[in-house]
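# Examining the three-dimensional arrangement
Spelled out, the chains give:
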Amino acid sequence: MKLNPLLVGLGLAAGLMTGASAQTVLKIGYATTQASHYGVGSTVFCDDIEKGTQGRYKCQQFPNSALGGEREMIEAVQLGTLDFVNTSTGPVGNFVPEVKIVDIPFLFRDYDHARKVMDGPIGQEILTKFPPKGLVALAWTENGFRHMTNSKHPIVKPSDAAGLKMRTMENKVHMDGYRTFGIQPTPMAFPEVFGALQQGTVDGQENPIPVILASKFSQVQKYLSLTGHVYSPALLITSPRLMNKLSDADKKVFNDAAKKAGIAQRKKVNEDENNGIAQLEKDGMSVVRKVDGQAFRDALVPAYAAYSKEFGADNIRKIQEVK
Ligand code: EAX
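This write-up is about the structure you can find in this document.

On to helix α13 (residues 301–311). Taken as a whole, α13 has its buried residues at Ala303, Tyr304, Tyr307 and Phe311. Buried residues of α13, viewed axially, fall in a sector of 100°; they line one side. For α13, exposure combined with an orientation more than 90 degrees from the buried face picks out Val301, Pro302 and Lys309. Taken together, the buried residues of α13 touch α7 (172–180) and α14 (313–320).

Structural data, given as C-alpha cells:
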C-alpha cells in the first residue's frame, strides 16, 4: 500500500490510529539525560500512562534540554506546544509566586524533612496555586540538595566563595541568598551552563549531584564542595487544557503516574547521592566534604530578614517545624 505522506503527517500530528483506538503522543521535556533522575522519573510516568490508558496515550521524551531551558519549557506548556515538563522549581516562582518559599536556602534539614513538607499539607497546598496560571502541577518530583562547584579553589566557608562569579538559576530567592555568601550570582538558563564553565565566563555553578554527574561538569570544574546550601524541588507540570480533555478515569491514571514518577525520581537521587560523589572524584574532582555549614547559615541572616518580610516569618517557621 502506498501511503500518502500528507496523511501520514496528519496522523502523527493528531495521534496515530492503532487498531480501533486512537493513540495520542504527548511530549515531555526535561533538562538532563534520559539516564538521569529526571529521565528515570519521566520514564516511569510515561510507562504508567501508557499502561493505564491501554496505550491510548504515550509519550515522546525530549531529554537534554532539547526543547530549551526550563523557563522556556514551562512557557511552552502554558502555550500548549509542550504537554509536560519535569522541571526544577528554578524558574517556577516567576510563574507561580507561592512556590518561591521552598527555594529559601538552608530551609530544609535533610531529604526526609524536604520530602515530608512536599508531601504534606504545605507542599500539597502549593500545588493548588498552579491552575489560575495556566499550569497544573501533577506532583513534586525532585532535583536534590545543591552543592557548589568551581574552577578556582576549594570552598569550605562563605569567604572562600566570596568574589566568585557563579552561574545561578533564574531565581531571585537563590540570588538574594547567595549574595550574602559574597558570590556574584550570574543567572543563566541551564543549556548554556556547560559552555560558560568551559569558556570561563563564570567560575562556578551549583547543582545537585545527579545533575553534576549527568551533565559531566567534572570535565570543566575542579572543586566540588558539599555545601547542600539549598534543596531544589522539582515538579511534573502539565496544562489545564490537557487535563480538562481527560476522562475522570484517565485523570486518575495521570495523577497516580506522576506520584509514582516522583517516588522513582527521588530513589534515583538517593542512588546518585550514595554513589555519585566517589564517581566524581574518580573523574578528577577534588571534593570538600567538611563544609562550615554554620558559617553559611550565619551569612544568610540578613537574607532571612528579607525572606521573613516577603513570605511571612510564620510561614517559614511552619516549614522549619515539620518533623
Ligand atoms: O533541573 O538549571 C539548573 O541548574 C537545574 O538544577 C537543572 O537544570 C536541573
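This part covers the environment of Gln279. Here Gln279 shows up in helix α11 (residues 248–282). On the accessibility criterion, Gln279 (33% relative accessible area) is partly exposed.

A side chain with one charge can pair with a side chain of the opposite charge if their charged atoms come near. What the rule picks out here adds up to 19 salt bridges. Here Asp250 ties to Arg56 by a salt bridge, and the two come within 2.8 Å at their closest N and O atoms. Of this pair, Asp250 sits in helix α11 while Arg56 is found in the loop between α2 (37–52) and β3 (57–62), placing the two residues 194 residues apart along the sequence. Accessibility expressed as a relative area gives 28% for Arg56, which makes it partly exposed.

Attention now goes to unusual backbone geometry. Unlike most non-glycine residues, Ser65 shows phi in positive territory, near 55°. In this fold, Ser65 is placed in the loop between β3 and α3 (70–79). By relative accessible area, Ser65 is classed as buried at 12%. Of note, the phi angle at Lys216 is positive, near 55°, even though the residue is not glycine. Checked against the element boundaries, Lys216 lands in the loop between α9 (209–214) and β9 (223–238).

With that out of the way, let us pick up the state of the cysteines. In protein structure, a disulfide is the covalent linkage between the sulfur atoms of two cysteines. With the rule as written, the count across this model stands at one disulfide. A disulfide bridge connects Cys46 with Cys59, and the sulfur atoms are separated by 2.4 Å. Here the S-S torsion is close to -95°, and the disulfide linking Cys46 with Cys59 is therefore left-handed. Taken together, the residues span a long stretch of sequence, with Cys46 in helix α2 and Cys59 in strand β3 at a distance of 13 residues. Note on Cys59: relative accessible area 15%, which makes it buried.

This part takes up the nonpolar core. The biggest cluster of nonpolar side chains holds 52 residues, and the ones touching the most others in it are Ile104, Phe108, Phe130 and Phe181. Sequence-distant contacts of Phe130, that is, excluding residues within four places in its chain, are made with Val92, Val96, Val99, Leu135, Val136, Ala137, Leu235 and Ile237. Grouped together as the second largest cluster of nonpolar side chains are 20 residues, Leu26, Ile28, Leu138 and Leu246 included.

Criteria and cut-off values
Residues numbered from 1 in each chain as written. Predicted model: local features only at pLDDT ≥ 70, side-chain atom pairs only at ≥ 80, totals over all residues. Heavy atoms only, no water. Buried < 20%, exposed > 50% of the residue type's maximum accessible area, 1.4 Å probe, protein only. Helix = DSSP H or I, 4+ residues; strand = E, 2+ residues; numbered from the N terminus. Arc of directions from axis to C-beta. Contact = heavy atoms within 4.5 Å. Salt bridge = Lys/Arg side-chain N within 4 Å of Asp/Glu carboxyl O. Disulfide = S-S within 2.5 Å. Core = buried A, V, L, I, M, F, W, Y, C linked by side-chain atoms within 4.5 Å.

Keep in mind these values describe shape, not function.
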